[in-house]
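The lines below spell out each chain.
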Amino acid sequence: PNFATASGTVHVTAYNGNNHCKVVNWFPSGTTQQVNVNCFRANGSRVDDQFTMLFYKRFGRTSATDAYLWYNGSGTPNAYQWNSKGLNNTVTRLGTGRYRANLPGMNKLGGTVLVTAYGSDSAKCKVVNWGRSASNTRVNVNCFRGNQPVNTRFTLSYINGTNGVGLGIRHKGGYVWANKTNVSGTYTPSTTYQWNSATLSNSSNRVTNLSTGSYRVRLPRLIPANKTTTQVTAYGSNSDYCNVQSWVSDGSGGTNANVRCFNSAGQPVNSRFTLTYLTNDNI
């Protein structure tokens, strides 16, 4: 598909440090897609940093269960949204910095969520929780500047791996919801909210708490070769945030994705998070 299109969505995760990054905007230019990104220190000052970025666009309806949107301040997002059931996603602001996205037709339990703040300032966003409501999925999002709630725009994606991973595009990959903060050593994250396309399993991925705020996510049989990316979103209601530290071979044909989480002052802190790992290999 032609990437020079005024639609789609973008997610950004800071890499290797305690900074955070966000998408400023994206737009077509000639035959290419231009994406602007800003990165910030914990104190809100701008900083040069590494980051991972994912741009994708869906075409038409599919049998997958996934959706994305750009919340631009309107209850019904504009053309920068998509729903695999052909329905319109909506967003309700619940209070300062608090939002609820309604994804109609997303009636399967599980899946995973990515959230990225949008704009030029230092605000950041995270997923509070998500779950089914009747035949829909509702996703709660909180946004902050420092540790203070703030109204801002954001991008949001929901994927359900029962039809393959890769945001409905049938590419090899996996995701987890690292749902425990009080576990030392290795555990199996929630089997309802994880998936691995190589093992066709919802229980093969593992999370290890290495130290305060430092985690390793093992994705067996998904090699860190060719073209791959990792996106991370912190989970919970407070202002903590998480980054990608690295992803490398696990020595057994799989990938270890390393994650670090921080409080609003940039200090390591234990946190829950979602992680999505995507390759360019077709399933």
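Our structure's up above, just so we're on the same page.
Values in this document were obtained by computation on a predicted structure and should not be read as measured data.

A.B. asks: How would you explain the pattern of salt bridges if you had to name every residue and give the values?
C.D. replies: Oppositely charged side chains are able to pair whenever their charged atoms sit close together. Enumeration over the complete set of coordinates arrives at three salt bridges. Among the charged side chains, a network of salt bridges with common partners joins Lys22, Asp121 and Arg145.

A.B. asks: Which residues make up the environment of leucine 87, and what values go with them?
C.D. replies: With respect to the helices, strands and loops of the structure, leucine 87 is situated in the loop between strand 6 (81-83) and strand 7 (90-95). For the pair leucine 87 and proline 104, spaced 17 residues apart in sequence, the C-alpha separation works out to 6.3 Å. Setting aside residues no more than four positions away along its own chain, leucine 87 makes contact with Gln81, Pro104 and Gly105.

A.B. asks: Any chance you could break down the state of the cysteines for me, citing the residues and the numbers?
C.D. replies: Note on terminology: disulfide describes a covalent bond linking the sulfur atoms of two cysteines. A complete count under the given rule lists three disulfides for this structure. The disulfide bridge from cysteine 21 ends at cysteine 39, spanning 2.1 Å between sulfur atoms. Between cysteine 21 and cysteine 39 the sulfur-sulfur dihedral comes to about 105 degrees; the bridge is accordingly right-handed. A residue pair is termed long-range when its members are at least 10 positions apart, and cysteine 21 in strand 2 (residues 20-29) and cysteine 39 in strand 3 (residues 32-40) qualify at 18 residues. No difference in accessibility class separates cysteine 21 from cysteine 39, as the two residues are buried.

A.B. asks: Let's hear about the packing of aromatic side chains: which residues, and what values?
C.D. replies: Tallied over the full model, the rule gives 18 aromatic pairs. Centre to centre, the rings of tryptophan 26 and tyrosine 80 are 5.4 Å apart; their planes meet at 80 degrees, and the pair counts as edge-to-face. Of this pair, tryptophan 26 sits in strand 2 while tyrosine 80 sits in the loop between strand 5 (66-71) and strand 6, and the two are 54 residues apart along the sequence. By relative accessible area, tyrosine 80 is classed as buried at 15%.

Calculation notes
Residues numbered from 1 in each chain as written. Predicted model: local features only at pLDDT ≥ 70, side-chain atom pairs only at ≥ 80, totals over all residues. Heavy atoms only, no water. Salt bridge = Lys/Arg side-chain N within 4 Å of Asp/Glu carboxyl O. Helix = DSSP H or I, 4+ residues; strand = E, 2+ residues; numbered from the N terminus. Contact = heavy atoms within 4.5 Å. Disulfide = S-S within 2.5 Å. Buried < 20%, exposed > 50% of the residue type's maximum accessible area, 1.4 Å probe, protein only. Phe/Tyr/Trp six-rings, centres within 6.5 Å; stacked < 30°, edge-to-face > 60°.

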